[in-house]
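Structural description and commentary
Listed here are the chains, written in short residue letters.
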Amino acid sequence: MAGFATKRLGKELSKINSNSLPPGIELVSADNFEEWFLDIRVLDNNPLYLNQIYRLKFRFSAQYPIEPPEVTFVKLADRPIPIHPHIYSNGIICLDLLGQQGWSPVQNVESVCMSLQSMLTGNSKNERPAGDEEFVRANRLRPKDIDFYYDDNNV
Amino acid sequence: MSKSQQLREEGNRHFQKGDYVRAEALYSQALIVDPSNPLLYTNRAMSRLRLSLWDSAITDCEACLRLSPDNLKAHYYLSQAHLALHAYSDALEHATRAHRLCVAAEDKSLSNVTAQILRCKKEKWDHEEKRRRRETAELEKEWDDKIKKMREVFEKARVNREKRREVPEWAVDDITFGFMVDPVITKTGKSYERAAILEHLRRSQTDPLTRAPLKPSDLRPNLDLKQACDEFLKENGWAADW
């Protein structure tokens with residue numbers, strides 16, 4: 001079914017513009033229906049993320065929301081990659097709801113941001129995923145094609 | 001002394017005493033005898049002014065002016081009578097003529113005539129001011145009413161416009177965010193647009209909410225919701241492409 005993505009993203013955008021996003025989530029740019037940028041920050045005093053803002057990049061395929069968006073953190077001068085056992089230092093996120101299996105078309109940009117926000121809020125481990133260096137050096141796959149093994153659902 | 005002269009002087013005496021009714025009657029008798037004496041007309045006009053008989057005072061003054069067009073007193077009394085009848089322009093015109101004659105004749109009644117001119121102007125202004133105020137008030141009220149009505153119209157339009165934008169959540173498919181045309185219900189009780197959920201099931205046979213297994217054959221049409229959507233769309237055609 002063609003045109004899904006454009007129509008759906010247009011509606012998400014107009015909803016965001018009229019209702020605004022939840023606290024801690026801000027739309028940075030949505031200039032087209034392929035790539036959006038949003039900033040998120042945690043709302044509590046978790047020392048790992050205190051006073052930090054993180055930049056998220058959403059990439060949408062023409063099959064969105066049947067297919068999940070590709071969501072990664074982006075590193076900028078004032079936007080680090082948050083430390084987390086499921087976030088690689090290149091910004092790639094290992095989160096089941098963003099994967100082929102875990103994704104559901106009832107998710108949306110706002111709900112994904114909220115999930116990531118709570119993923120950070122709930123974390124207390126000051127560490128990267130196992131094999132981060134190796135993964136960052138060797139990985140050439142798109143995030144959605146990486147077959148993550150979700151070994152720890154408590155993080 | 002002529003008969004009319006006698007009657008006139010008797011009238012003057014009564015006038016001085018303040019008996020204007022008798023004075024007026026005596027001047028009238030004098031005029032029967034001598035109808036072409038301008039003086040008798042102004043005398044009687046004066047009595048009639050005191051008796052507030054404005055119209056007949058005017059008649060006397062006009063009769064006098066026919067005999068003696070530049071009669072100062074006739075113009076002066078005429079002005080007073082017109083003023084009493086709120087004929088401000090006429091009152092002012094005759095006061096002005098009386099004034100001109102007064103100046104020319106260096107008459108001692110100049111200050112009275114001047115005062116009359118002022119009175120005419122003031123009463124004229126007062127009257128117009130009253131009318132202006134009334135008109136202003138009426139205009140103000142009229143426009144207040146119109147503005148109020150306009151506000152109501154705009155308010156109503158605004159409410160309608162805002163109502164227009166509200167697409168009820170129950171009619172919107174959570175996958176496409178589009179208005180549902182053919183809603184189907186899953187085992188969880190949640191409804192989706194048939195085309196959208198089938199598209200999802202082609203990729204993953206899971207319930208979008210619970211991720212429990214879900215097959216196309218598990219879907220059932222949601223007829224009541226379909227009818228509700230149809231009816232809403234009939235009333236709100238714009239919602240088809242909100």
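Source: prediction; values computed, not measured. (Residues numbered from 1 in each chain as written. Chains lettered and ligands numbered in written order. Predicted model: local features only at pLDDT ≥ 70, side-chain atom pairs only at ≥ 80, totals over all residues. Heavy atoms only, no water.)

1. A short note on the interface of chain B and chain A
The condition is simple: Contact between two residues is taken to exist if any of their heavy atoms lie within 4.5 Å; hydrogens are not considered. Defined in terms of a 1.4 Å probe, buried area is the accessible area two parts forfeit on being brought together, summed over both. Should a side-chain nitrogen of Lys or Arg be within 4 Å of a carboxyl oxygen of Asp or Glu, the pair is scored as a salt bridge. Counted as a polar contact is a pair of N or O atoms within 3.5 Å, where, for protein atoms, one must be capable of donating a hydrogen and the other of accepting one, and residues adjacent in sequence contribute only when both atoms are in side chains. Elements are defined by DSSP. Helices are runs of H or I of four residues or more, strands are runs of E of two residues or more, and each kind is numbered from the N terminus.
Contact with chain B, which involves 17 residues of that partner, is made by 20 residues of chain A. Overall, the association of chain B and chain A removes approximately 1,700 Å² of surface from exposure, summing both partners, and the carbon and sulfur fraction of that is 58%. Linking chain B to chain A there are one salt bridge. Our enumeration of links across chain B and chain A arrives at seven residue pairs in polar contact (both at pLDDT 80 or more). Tallying contributions element by element places helix α8 (residues 194-203) of chain B first for the side of chain B that touches chain A, with five residues.

2. Regarding the sheet that holds strand β3 (residues 54-59) of chain A
Residue and element names in this part refer to chain A. Stated precisely, the cut-off is as follows: One bridge is not enough; two strands pair if DSSP finds at least two bridges between them. In this analysis, axes come from line fits to C-alpha atoms, helices being fitted only over the stretch in contact, and the angle between any two N-to-C directions falls in the range 0 to 180 degrees.
Strand order across the open sheet formed by four strands is β1-β2-β3-β4, with antiparallel pairing between neighbours. Taken across any chain shown, the strands that pair with only one partner, and hence form the sheet edges, are β1 (25-29) and β4 (70-74). Pairs of neighbouring strands in the sheet enclose a mean axial angle of 30°, with direction left out of account. Strand direction decides the pairing type here: β1 and strand β2 (residues 35-40), joined by four bridges, are antiparallel. Each residue of the ladder has a partner; that of serine 29, found in β2, is phenylalanine 37.

3. Some remarks on helix α4 (residues 54-67) of chain B
Residue and element names in this part refer to chain B. We count it as follows: Any helix carries an expected span of 1.5 Å times its number of residues minus one. Exposure is judged per residue with a 1.4 Å probe applied to protein chains only, and the accessible area is read against the type maximum: over 50% gives exposed, under 20% gives buried, and values in between give partly exposed.
End to end, α4 covers 20 Å across 14 residues, agreeing with the expected 20 Å (1.5 Å per residue, within 8%). Three or more residues of α4 are buried, namely Ala57, Ile58, Asp60, Cys61, Ala63, Cys64 and Leu65. Buried positions along α4 lie against α3 (38-50) and α5 (72-84).

4. Points about a nonpolar patch on the surface
This is how the line gets drawn: Each patch is built from residues that are more than 30% exposed by relative accessible area and take part in no salt bridge. Like charges join if they lie within 9 Å; nonpolar side chains (Val, Leu, Ile, Met, Phe, Trp, Tyr) join within 5 Å. Methods summary: accessible areas were calculated by the Shrake-Rupley approach with a probe of 1.4 Å, and residue burial reflects only the protein chains presented.
A grouping of Leu139, Trp143 and Ile147 of chain B is seen on the molecular surface, where their side chains present a nonpolar patch of about 290 Å² in accessible area. Residue placement: leucine 139 of chain B occurs in helix α7 (residues 110-165).

5. Quick word on unusual backbone geometry
Cis rather than trans, the peptide bond between tyrosine 64 of chain A and proline 65 of chain A has omega equal to 5°. Inspection of the secondary structure assignment puts proline 65 of chain A in the loop between β3 and β4. Located in the positive-phi region is serine 20 of chain A, a residue other than glycine, with phi close to 60°. Looking at the secondary structure, you find serine 20 of chain A in the loop between α1 (4-19) and β1. A positive phi angle, near 60°, is found at phenylalanine 177 of chain B, a position not held by glycine. Note that phenylalanine 177 of chain B resides in the loop between α7 and β1 (183-185).

6. Considering the environment of glutamate 26 of chain A
Residue and element names in this part refer to chain A. Relative to the helices and strands, glutamate 26 resides in strand β1. A relative accessible area of 55% means that glutamate 26 is categorised as exposed. Taking C-alpha positions, glutamate 26 is 6.4 Å from isoleucine 40, a pair spaced 14 residues apart along the chain. With residues up to four places along the chain from it excluded, the contact list for glutamate 26 reads Leu21, Phe37, Leu38 and Asp39.

7. Thoughts on the packing of aromatic side chains
Note the threshold: Only Phe, Tyr and Trp rings take part, Trp by its six-membered ring, and two of them pair if their centres are within 6.5 Å. Stacked means planes under 30 degrees apart, edge-to-face means over 60, and tilted covers everything else. As a reminder, the over-ring test applies to NZ of lysine and CZ of arginine, requiring each to be within 6 Å of the ring centre and within 35 degrees of the ring normal.
Per the stated rule, a full pass over the model turns up 11 aromatic pairs over all chains. Between tyrosine 49 of chain A and tyrosine 54 of chain A, the aromatic rings sit 6.0 Å apart at their centres with planes inclined by 85°, giving edge-to-face as the arrangement. With respect to class, tyrosine 49 of chain A is no different from tyrosine 54 of chain A; both count as buried. Ring-pair connections join several aromatic residues into one group, and the members of that group are Trp36, Phe58, Phe60, Tyr64 and Trp103 of chain A. Of note, arginine 8 of chain A hangs over the ring of phenylalanine 177 of chain B, and the distance from its end group to the ring centre comes to 4.2 Å.

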